Every structure is written in C-alpha cells, then in structure tokens.
Amino acid sequence: MPQNFSTPDLSQTRLGVSFFEQPAVDVAKQLLGVIMNRRLGGQILRARIIETEAYLGPKDLASHSSKGRTARTEVMFGPPGRAYVYFIYGTYDMFNVIVGVPGEAEAVLFRAAEPLDGWQADLSGPGKLARAFRITRADNASDLTGDEIYFESDPDYRPRILKTKRIGVAYAKHWQHRLLRFIDAKSPVAAKLRR
DNA sequence: ATGTCGATTTAC
DNA sequence: TAAATCGACATC
C-alpha cells in the first residue's frame, strides 16, 4: 500500500518550545489569536487568546521574579514553555507561561480568551480564565508543549493589537507605566475588558 | 510568631 | 468603593 506523504501535518500549527524562547513582549503579542487547548478527560477545552501581559524578569518590579528566587518563583527561573501558576487573593489561580532565555525569568500572563466550539464560559479575566480551564497550582511547572495544555497558531486570524498599562501593578514604581498589556481589539470580548 | 498585602472578582 | 480570603514574604 502506497503511503500518502502529502497528508497535512496538523501538529505543525502547534506551538513548540522555540516559540516560547522569544522575549516576553514578542510572545505576549504573538499569543493574541492563538488557540489554547486543555485536555480534560475525554474532551478538549479550546479558546482564542485575546489578552496577555508581559513580565520582564527580576528588573521588572511588577514581576514576582523581582523578589528573587524563592519556592514560589523557582519555576520562573527555569526553562521556557512551562507553566507558572500562583494563588492570589485567597481565591484565584493565575496562569502564566515562562518565556525567553532560561534563568532570565520572563513570563506572560494569560488574561482573557474567547471560548470556542460552543463552549459557554466567561474567560474575561485571569482568575476566571484559569478557573474555567481548571488550571490550579497543581499545574505549576507543567510543560505547555505537551498533550495536557498546548497552543495552536491560527495563521488565518489577524488580531488588531492594542497596548495598555498592566492591571493591578501600581506598586511597581515606574514599571507600572510600561505598555506591557496586549489586547486583541478585534475580539467582541475586548470591549468589556477593564481599563 | 505576627502583620502586610496582593499580576482579582463581585457586590453594594 | 470595598470586602472576601489565604499564602508568600518581611520583620520582630
């Protein structure tokens, strides 16, 4: 039986480690429009990412890595493409991906997304996004290029990228003013995001 | 051992 | 505009 060698390889659209090896700002921007996948038992939860924030390492006073290497931030100083999940306000888990050069502790926070495939969920905020995707501290340090949580590019989708200051980082001296939050203005959900 | 405060959300 | 809620981190 002759094999069909021209069968499209769907995994080509899946984002690998090299994508996450880029600087945080690049990853944060390129993540807009990307499809996030989470395998839960038999089904897969999917959503298009529409809001992210970049955190630039120990020098960035808004980043947890500016506190140095601690039990909590340890994963930030590790290899890119891994999850950094932390608990805050006694209620929410925040989902991030480590990016850039290992040891430089850059990260991107996932802040909002549009559910796909008829999935009814409110993903407009980092706490709500993580909760809906069932992501908790148990997922900390997990590989985001594997089969549990992974990302697919959608070359046909072109986001309209809006830049603003990051949310909730007023304590971060001059870093609070940096335009490190990225929103896809094309998304209907973008209209109701916090300003 | 104790106090402060947060990469948020929701309700008043 | 403020309360909820608890763990990380700093300080005593």
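Just so you know, these numbers come straight off a predicted model, no measurement behind them. Starting afresh in each chain, residues are numbered from 1 along the sequence in its written order. Throughout, the order in which chains and ligands are written sets their labels, letters from A for the former and numbers from 1 for the latter. Predicted model: local features are reported for residues with pLDDT of at least 70 only, side-chain atom pairs are reported and counted for 80 or more only, and whole-chain, interface and lining totals are derived from all residues. Each side-chain value is worked out from all heavy atoms of the structure, with water and hydrogens disregarded.

A. Highlighting the pairing of strand β8 (residues 181-184). To sort residues, take the accessible area from a 1.4 Å probe on protein chains only and compare it with the maximum for the residue type: under 20% means buried, over 50% means exposed, and anything in between is partly exposed. Think of it this way: any DSSP run of H or I at least four residues long counts as a helix, any run of E at least two long counts as a strand, and we number them from the N terminus. Burial of β8 is two-sided: the residues Arg181 and Ile183 facing one way and the residues Phe182 and Asp184 facing the other way are all buried. As paired elements, strand β7 (residues 161-164) and β8 share four bridges and run antiparallel to each other. What sits directly across from leucine 162, in β8, is isoleucine 183. Pairing between two strands requires that DSSP report at least two bridges joining them.

B. Here's a closer look at the protein's contact with DNA strand C. When at least one non-hydrogen atom of a residue lies within 4 Å of a molecule or strand, that residue is treated as near it. Around DNA strand C, the surrounding shell consists of Thr70, Arg72, Phe87, Tyr89, Gly90 and Arg137. Near the protein, within 4 Å, the atoms of DNA strand C are sugar or phosphate in 81% of cases. Within 3.5 Å is the distance limit for a polar contact, defined as a pair of N or O atoms, with the added protein rule that one can donate a hydrogen and the other accept it, and that residues adjacent in sequence qualify only through two side-chain atoms. Here a sugar or linking oxygen of DNA strand C and a side-chain polar atom of arginine 72 are 3.4 Å apart. Between a base oxygen of DNA strand C and a main-chain N or O atom of tyrosine 89, the distance comes to 2.3 Å. Under the grouping applied here, Gly and all other residues not named as nonpolar or charged are polar, the nonpolar ones being Ala, Val, Leu, Ile, Met, Phe, Trp, Tyr, Cys and Pro and the charged ones Asp, Glu, Lys and Arg. Among the residues making up the surface near DNA strand C, the classes are represented as two nonpolar, two polar and two charged.

C. Quick peek at the nonpolar core. Only buried Ala, Val, Leu, Ile, Met, Phe, Trp, Tyr and Cys residues count toward a nonpolar core, and they belong to the same one when joined by side-chain atoms within 4.5 Å. If you look at the biggest cluster of nonpolar residues, it comprises 50 residues, and the most contacted ones within it are Leu31, Phe95, Phe133 and Phe151. For this core, the elements supplying multiple residues, two or more each, are α1 (17-20), α2 (24-30), β2 (43-55), β3 (83-88), β4 (92-99), β5 (106-115), α3 (126-132) and β6 (149-152). Leucine 31 has contacts with Leu15, Phe19, Ile49, Thr52, Val108 and Phe110, leaving out every residue within four places of it along the chain. Throughout, a residue-residue contact means that at least one pair of heavy atoms, one from each residue, lies within 4.5 Å.

D. Quick look at the packing of aromatic side chains. Paired rings are identified among Phe, Tyr and Trp, the last through its six-membered ring, by centres lying within 6.5 Å, and are further divided according to the angle between planes into stacked (under 30 degrees), edge-to-face (over 60) and tilted (the rest). Across all of its chains, the model carries six aromatic pairs by this definition. Summarising the aromatic geometry, the rings of phenylalanine 19 and phenylalanine 20 are spaced 5.1 Å apart at their centres and angled 90 degrees between planes, so their arrangement reads as edge-to-face. Each member of the pair, phenylalanine 19 as well as phenylalanine 20, is classed as buried. Ring geometry for tyrosine 84 and tyrosine 86: centres 5.3 Å apart, planes at 35 degrees, overall tilted.

E. Quick peek at the protein's contact with DNA strand B. Residues in contact with DNA strand B amount to 24 residues; listed here are only the nearest, His64, Tyr86, Tyr92, Asn96 and Tyr171. Close to the protein, within 4 Å, the atoms of DNA strand B are drawn from sugar and phosphate at a rate of 57%. Asparagine 96 is positioned such that a nitrogen or oxygen atom in its side chain is 2.6 Å from a base nitrogen of DNA strand B. For the surface near DNA strand B, the secondary-structure elements that each account for two or more residues are β3, β4, β5 and α3.

F. Examining the pairing of β4 more closely. Within β4, seven of the eight residues are buried, which leaves it mostly tucked inside the rest of the structure. For β3 and β4, the ladder comprises six bridges, and the chain directions are antiparallel. Within the sheet, the bridge partner assigned to valine 85 lies in β4 and is phenylalanine 95. Hairpin connection from β3 to β4: three residues lie between these consecutive antiparallel strands, with tyrosine 89 at a positive phi of about 55 degrees. Looking at chain direction, β4 and β5 are connected through four bridges and run antiparallel. Opposite isoleucine 98, over in β5, you have alanine 107 as the bridge partner. Where β4 folds back onto β5 in an antiparallel hairpin, the turn is made up of six residues, including glycine 100, whose phi is positive at roughly 80 degrees.

Purely geometric stuff here, so don't read any function into it on its own.
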